[in-house]
Amino acid sequence: MKLASQSQLSSWLPSIHPQVWIFAIGRFLSEVGTGFTLFYAPIFFVNQLGLSATSVGVALGSASISGVVGRIVGGSLADSEYWGRRRTLLLATAISAIASLVLAATNNFTILVIGSLISGLGIGFYWPAAEALVADASQIDNRRETFAIARLADNLGLAIGIVLAGFLIAIVGNYRWLFVIDAISFMVFFGVVYVGISETEQQQIEESEKIELFASWMAVLSVDTLAKPLEEKQLVARHRRFLVYIAVNIFFTIYISQIHSTLPLYFKNFVFVESTTEGFAQTTISGLFACHLVFAIICQLPVTSILKRCSHTLALTVSAILWAIGFGLIWISGTAPSHHLVWVILALGVFAVAIVSYTPSAASLVTELAPENQRGVYFSINALCWAVGSFIGHPLGGWALDHPQIITSSFWLCFILSVAIAVAILQ
């Protein structure tokens, strides 16, 4: 019986490269700090500093501008034999720590924008190198599970951070300490990468196939210039699949941006507690998003295992349909005469499954489509989708929250219609 259970556990946790586990620990510790601020930042800037929801959305969306620069440079540096994944990650965590300290000192719109721009730059440097490092340490037969482990660490850290932040706010009532703790977590992550992460080993590349730092971006846009005669059709086909994926990925990143910035404020100001005219308390919002992440943690490996049997297209289609269902439940939560909390819990549960259906398949697809000597650039372009999604999603959500209830409610219905477009692109 014991041997059978151990065998089953091994099937759920396939052989993962030791460096992935070390990196996952660092990500977990960093995400604990991020959980302190991710869902509380909009509430602090709107309800405590007195900024409008639209201006906060614009300020948070401005991180996408610097994020574009960070992702372009970061992806190229991650692929560079003279810089690499590890140094790029160290630079990213240092910049992110500075950004959190600036946000902790924010008292007006200008400082908020400056802090957001610095934060966007750190995030831009981070993601291409982080995804490329995990891709380097994965194998074809366990690639989705490897990315799932990394996401599991992210979600577990966020869940713990959100719960601790709720208690801290209830006791101290000072939101600025949340950003200070976030800065400390980035410093700890810096230490983990510095001590425990070595530069990943990539397959040897022939001298004729090496690509200069920024020339690789042109190579992605013009596959024909790199393709050997016998490989040309295959490379062009992979390139076209990648461009189709990028188009639909922007939809997914816009959806995810609503969870991080729009929904916390929506639950606070638009979804009322039974028989009152007040929104959910901070502790309730904290508990809701913590449960959302815990459910995502529980579902991550089982959902990844189930969807592993499906094509990437089918897995992403399933995720898109779940997003539509979740947005429908959010609409009901703001318009139903009763049981608002029940509808919100159901919506966040569906969103959790939608996210865990999306992230491992998306990262695995990019790994399969990218040439090994261009993984940093391909993941950089993939990360640019997140910058575009945030740039569109944050201001759009803030605009909707600054309008009457009827417009805010219709906002979620529009997202349901957009899912049809995303599914059409996938097909």
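Residue positions are given per chain, counted from 1 along the sequence in the order it is written. pLDDT decides what is reported in this predicted model: residues at 70 or higher carry local features, side-chain atom pairs at 80 or more are listed and counted, and totals for whole chains, interfaces and linings draw on all residues regardless. To obtain the side-chain values, all non-hydrogen atoms of the structure were included, while hydrogens and water were left out.

Undergrad: Hey, could you run me through the pattern of salt bridges in this one?
TA: Oppositely charged side chains are able to pair whenever their charged atoms sit close together. Think of a salt bridge as a Lys or Arg side-chain nitrogen and an Asp or Glu carboxyl oxygen that are within 4 Å of each other. One pass over the full model with this rule turns up three salt bridges. One salt bridge in this structure joins Asp154 and Arg27, with 2.6 Å as the shortest N-O distance. One end of the pair, Asp154, is in helix α8 (residues 143–171); the other, Arg27, is in helix α2 (residues 18–37), and 127 residues separate them in sequence. Residue classification places Asp154 among the buried residues on the basis of a relative accessible area of 7%. By the criteria applied, helices consist of DSSP H or I runs no shorter than four residues and strands consist of E runs no shorter than two, each listed in order from the N terminus. Note on classification: 1.4 Å probe, protein chains only; a residue is buried when its accessible area is under 20% of the maximum for its type, exposed when over 50%, partly exposed between these limits.

Undergrad: Help me understand a nonpolar patch on the surface in this model?
TA: Only residues above 30% relative accessible area that lack a salt bridge enter a patch, with like-charged residues linked at up to 9 Å and the nonpolar side chains Val, Leu, Ile, Met, Phe, Trp and Tyr linked at up to 5 Å. Accessible surface is estimated by sampling points in the Shrake-Rupley manner with a 1.4 Å probe; for residues, cover comes only from the protein chains shown. A grouping of Ile65, Leu117, Val388, Phe391, Ile392, Leu396, Trp399, Ile406 and Ile407 is seen on the molecular surface, where their side chains present a nonpolar patch of about 770 Å² in accessible area. Broken down by secondary-structure element, the contributors of at least two residues to the nonpolar patch are α15 (375–401) and α16 (405–426). Top element by residues in the nonpolar patch is α15. It accounts for five residues. You can see Ile406 is positioned in helix α16. By relative accessible area, Ile406 is classed as exposed at 63%.

Undergrad: What exactly am I supposed to notice about empty space enclosed by the protein here?
TA: Take a probe with the size of a water molecule and roll it over the atoms, and the empty space left behind shows itself. A 1.4 Å probe that fits but cannot get out identifies a cavity on a 1 Å grid over protein atoms alone, an open set with protein on both sides within 12 Å along at least five of seven lines counts as a pocket, and a residue lines either if it has an atom within 4 Å of a point. Grid points are joined across faces, edges and corners, and a volume is the space filled by probe spheres set on the points. Under the definition given, this model contains three cavities of 30 Å³ or more. In this model, the second largest cavity occupies a volume close to 70 Å³. Residue lining of the second largest cavity: 13 residues in total, with Ala53, Val56, Gly57, Ser261 and Gly398 positioned closest to the centre. Mapped by element, the contributors of at least two residues to the lining of the second largest cavity are α3 (41–48), α4 (53–61), α11 (232–269) and α15. As a working rule, the residues Ala, Val, Leu, Ile, Met, Phe, Trp, Tyr, Cys and Pro are called nonpolar, Asp, Glu, Lys and Arg charged, and the rest polar, with Gly in that last group. Within the lining of the second largest cavity, the residues separate by chemical class into seven nonpolar, six polar and no charged.

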